[in-house]
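Commentary on secondary and tertiary structure
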Amino acid sequence: MLNNTEFRKIAHQVADWIADYWENVEHYPVKSQVKPREIYEALPEEMPANSEDFSAIWQDFQQIILKGITHWQSPNFFAYFPANSSYESLLAEMLTAAMGAQCMIWETSPAAAELEEKMMNWLKKACGLPETWSGVIQDTASSATLCALLSAREKFSDFQINEKGFESFTNFRVYASVQTHSSIEKAVKIAGIGKENFVQVPCDEHFAIRTDLLEKLIEADWQDDKKPLCIVATLGTTSSTAFDDLEKLSEIAQKHHLWLHVDAAYAGTAFLLPEFRHYLKGIEKADSYVFNPHKWMFVNFDCSAYFVKEKEWLIRTFEILPEYLKTQNDSLVNNYRDWGIPLGRRFRALKLWFVMRSWGLRGLQKRLREHIQLAQDLTRKIATHPDFEILAPTTLNLICFRYKPTHITDENLLNTLNEKLLQTLNATGKVYMSHTKLNGKYTLRMVVAQTYVLQKHILNAWQLIQERAEKLQTDYLENF
Ligand SMILES: *Cc1c(COP(=O)(O)O)cnc(C)c1O
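What you see is a predicted model, and the numbers here were worked out from it, not measured in a lab. (Residues numbered from 1 in each chain as written. Predicted model: local features only at pLDDT ≥ 70, side-chain atom pairs only at ≥ 80, totals over all residues. Heavy atoms only, no water.)

Summarising the element assignment, T416 is placed in helix α14 (residues 411-427). T416 gets classed as partly exposed once you look at its relative accessible area, which sits at 31%. Measuring from C-alpha to C-alpha, the distance between T416 and Y442 comes to 8.0 Å, with 26 residues separating the pair along the chain. Looking at T416, its side chain comes within polar contact range of the main-chain oxygen of N412, at 2.8 Å. (Helix = DSSP H or I, 4+ residues; strand = E, 2+ residues; numbered from the N terminus. Buried < 20%, exposed > 50% of the residue type's maximum accessible area, 1.4 Å probe, protein only. Polar contact = N/O pair within 3.5 Å; in protein donor to acceptor, adjacent residues only side chain to side chain.)

What follows deals with the site of the ligand. The environment of the ligand is formed by 13 residues, the closest being A141, S142, D263, N292 and K295. T238 places a polar side-chain atom, nitrogen or oxygen, 3.3 Å from an oxygen atom of the ligand. Considering the ligand on its own, with 390 Å² of exposed area, one finds that the protein chains cover 88% of that surface. Elements supplying a minimum of two residues to the shell around the ligand: α6 (141-156) and α11 (293-296). For the shell around the ligand, the residue count by class is 3 nonpolar, 8 polar and 2 charged. (Near = heavy atom within 4 Å. Areas by Shrake-Rupley, 256 points an atom, 1.4 Å probe, with all protein chains shown as cover. Nonpolar A, V, L, I, M, F, W, Y, C, P; charged D, E, K, R; others polar.)

Further remarks concern the state of the cysteines. Here the structure, examined in full by the defined rule, presents 0 disulfides. In this structure C147 is a free cysteine whose sulfur lies 13 Å from that of C230, the closest cysteine sulfur available. The buried category is assigned to C230, whose relative accessible area is 0%. (Disulfide = S-S within 2.5 Å.)

A word on the pairing of strand β4 (residues 227-234). Among the 8 residues of β4, 7 are classified as buried, and the element is accordingly described as predominantly covered. As defined by bridge partners, strand β2 (residues 172-177) adjoins β4 across 4 bridges and the pair is classed as parallel. Paired with R173 across the bridge in β4 is P228. Looking at chain direction, β4 and strand β5 (residues 259-263) are connected through 5 bridges and run parallel. For I231, the partnering residue across the bridge sits in β5 and is L260. Handedness of the β-α-β unit built from β4, helix α10 (residues 246-256) and β5 comes out right-handed. (Pairing = 2+ DSSP bridges. Right-handed = clockwise from strand over helix to strand, strands pointing away.)

Right, let's talk about the side chain of Q73 for a bit. Examined against the element boundaries, Q73 turns out to sit in the loop between α3 (54-65) and α4 (87-99). Among the polar contacts made by the side chain of Q73, one reaches the main-chain carbonyl oxygen of A83 at a distance of 2.8 Å. Apart from residues no more than four positions distant in its own chain, Q73 is found in contact with W22, V25, A83, N84, S85 and Q450. (Contact = heavy atoms within 4.5 Å.)

What follows deals with the nonpolar core. With 70 residues, the main nonpolar core has I231, Y289 and L352 as its most contacted residues. Sort the elements by how many residues they give to this core and helix α13 (residues 349-384) lands first, with 9 residues. In this structure, V136, I193, A265 and I315 belong to the second largest nonpolar core, which totals 38 residues. (Core = buried A, V, L, I, M, F, W, Y, C linked by side-chain atoms within 4.5 Å.)

A surface patch of nonpolar side chains, amounting to about 200 Å² of accessible area, comprises L43, I65 and I69. Within the secondary structure, L43 is located in the loop between α2 (38-41) and α3. (Patch = residues over 30% accessible without salt bridge, like charges linked within 9 Å, V, L, I, M, F, W, Y side chains within 5 Å. Salt bridge = Lys/Arg side-chain N within 4 Å of Asp/Glu carboxyl O.)

What follows covers the UniProt feature "modified residue: N6-(pyridoxal phosphate)lysine" (unreviewed entry) in the protein. UniProt records the feature "modified residue: N6-(pyridoxal phosphate)lysine" (unreviewed entry) at K295, using the numbering of this structure. Tracing the backbone shows K295 in helix α11. Given a relative accessible area of 17%, K295 falls into the buried group. Here K295 is in contact with F81, P82, A83, N84, A265 and Y266, once residues within four sequence places are set aside. (UniProt positions renumbered as here; feature names shortened; annotations may be inferred.)

This is the structure:
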């Protein structure tokens with residue numbers, strides 16, 4: 001076991017290793033190339049009975065663990081959405097771990113509670129969210145969405161489900177588009193609403209919810225004695241960063257007295273840029289809103305910003321006050337244990353503070369605009385290449401495209417070809433991209449959002465994509 005002197009020495013070495021790692025991370029194979037069970041088999045069956053030297057642990061970290069890591073901080077990481085970090089965020093996270101404070105109530109670390117309140121207000125202002133709303137940090141957007149559905153459920157049952165269970169409340173209905181994130185369905189299930197009451201509404205040609213159909217479905221449900229409860233709007237879908245028409249949705253929600261939750265998990269960071277705030281039109285009529293600084297705002301996982309119009313519904317849904325948690329200051333301060341599911345909470349506001357101060361609003365805006373510009377430039381290249389096509393508008397910095405040689409029209413063949421292309425690209429270790437299906441078409445997703453990504457990484461990736469696609473077409477299609 002380490003003592004303080006040994007810790008001091010090793011911690012310096014680890015800090016150096018981290019700096020080296022970030023300096024060289026672009027040269028690691030982005031996607032881990034290990035086989036299933038390879039890491040598991042390399043580890044002993046039981047914990048060691050006696051203390052092991054730290055040097056042995058460190059060696060195994062480098063030899064066993066590192067090869068099973070997919071390098072999310074690599075500037076060649078273009079898959080899913082990013083889980084960005086930054087030097088500032090990393091430093092704050094080290095301090096958070098060092099202090100190891102539980103930030104469940106004000107008294108258990110006043111600075112954590114008050115910094116969190118202040119940071120949520122900074123974010124709210126910087127993103128153009130309504131002034132009167134309140135914010136709280138959640139671990140993930142999934143948790144925030146669950147909180148939204150539970151709050152809606154309790155508001156509309158007058159807190160009777162919390163009291164008595166579901167006995168007299170059935171057939172609540174939740175509406176979202178077919179392009180909505182899987183966390184909505186998960187929340188519907190956990191909140192006891194039932195998957196059958198989750199209504200997924202078709203989308204238009206830009207993958208945004210068909211609001212005309214939505215309204216018909218809500219009206220039919222009222223007729224049918226069901227209880228429309230909540231609409232979930234998506235600003236920036238996971239497949240293609242499509243934006244639902246929030247203004248129209250907010251009118252429908254208001255007219256039919258539904259809770260409106262807004263899932264902007266990824267794209268919410270873009271509202272730091274005034275030129276994208278038109279997508280927020282109608283937000284003042286919504287009830288809750290979530291976005292993840294841990295995706296594109298250079299604040300490492302986990303850090304999800306959840307905002308609510310009226311905190312009363314949230315707090316009354318979750319509050320508990322056993323004797324041992326009562327304090328003298330309960331009416332003056334925020335006790336965030338009542339603003340979400342877990343009791344214990346990490347000090348996550350610190351990394352937001354470090355990043356927002358060190359980068360400044362202008363610095364953040366500059367980097368976001370660079371990412372968007374890089375993606376728009378590449379979109380143009382792909383769109384004008386005769387053998388590739390863009391499959392959804394690049395609204396921000398996610399490019400949805402596929403390889404489509406002019407002479408191939410068979411959709412199944414194109415799907416197979418693009419699936420193979422993605423596998424080939426990812427197997428090189430030089431880039432990592434993911435896929436989705438849009439209108440049945442196998443679609444490559446390339447998101448240009450990694451904190452330290454530069455134009456050269458994008459150009460290299462595009463070069464690689466073209467080379468591999470051509471090779472695939474000669475190797476593979478000849479045998480067809
Ligand atoms: C990533 C994402 C989520 C889930 O985020 P978590 O924080 O991992 O739960 C939800 N909705 C959308 C639109 C997303 O892009």
